[in-house]
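# Structure assessment
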Amino acid sequence: MKDDNDKFSYTYSAPTADERREIESIRRVYEDHGGDYEKLVRLDKKARSIPMCVSISLGVVGALVFGLGMAMVTVWELMGGAAVSAAGALVAAAAYPVHKVLTRRMKAKYGPEIVRLSSRLLGEDGEEKTR
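Rules of the game
- Residues numbered from 1 in each chain as written.
- Predicted model: local features only at pLDDT ≥ 70, side-chain atom pairs only at ≥ 80, totals over all residues.
- Heavy atoms only, no water.
- Core = buried A, V, L, I, M, F, W, Y, C linked by side-chain atoms within 4.5 Å.
- Buried < 20%, exposed > 50% of the residue type's maximum accessible area, 1.4 Å probe, protein only.
- Helix = DSSP H or I, 4+ residues; strand = E, 2+ residues; numbered from the N terminus.
- Contact = heavy atoms within 4.5 Å.
- Salt bridge = Lys/Arg side-chain N within 4 Å of Asp/Glu carboxyl O.
- pLDDT = per-residue confidence, 0-100.

### As for the nonpolar core
L40, L43, A47, M106, Y110, I114, L117 and L121 together form the largest nonpolar core, which totals eight residues. Counting residues per element, the ones that place at least two in this core are α2 (36–74) and α4 (95–122). If we skip the residues at most four places from it in the chain, M106 touches A47, I50, P51 and G111.

Pasting the structure below:
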């Protein structure tokens, strides 16, 4: 049985201006940015940045290994440093071919979607532009 003295009370306070801005910024992170233009830019950035990051990493690692091999030869007088330098030079030299191969793969993977979205945005396929 319910006693007449039991009352439900609830207190609500609206968020402050700072809290509201923070809540809205968190929501924007999780909202779907489904516009065609934004999707086109994201796909293009992904298709270009992955090969670039991998090839730059290979070049830097190869240059560092090459430098280590040179230091082994000149400073520590270890003749095995020549082999280390050669390996570093090969890794650095592989950066450009790897970039070309990855770029070709990214174009094959994302190219059709990029072309479809850009055609839609330019109004070349008869669909209405959405932004």
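### What about unusual backbone geometry?
It is generally the case that most residues other than glycine have a negative phi and that most peptide bonds are trans. Of note in this structure, E77 is not a glycine but carries a positive phi near 55°. Note on placement: E77 falls in the loop between α2 and α3 (81–93).

### Things to note about the pattern of salt bridges
Per the stated rule, a full pass over the model turns up six salt bridges. We note a salt bridge from E113 to K39, for which the minimum N-O separation is 3.6 Å. Placement of the pair is E113 in helix α4 and K39 in helix α2, with a sequence separation of 74 residues. On the accessibility criterion, E113 (24% relative accessible area) is partly exposed.

### A few points about the confidence of the model for the protein
Summing up the model confidence of the protein, the mean pLDDT is 89 and the portion of residues at 70 or higher is 89%. Considering each helix and strand of the protein separately, the mean pLDDT is smallest for helix α1 (residues 17–30), with a value of 85, and largest for α3, with 97.

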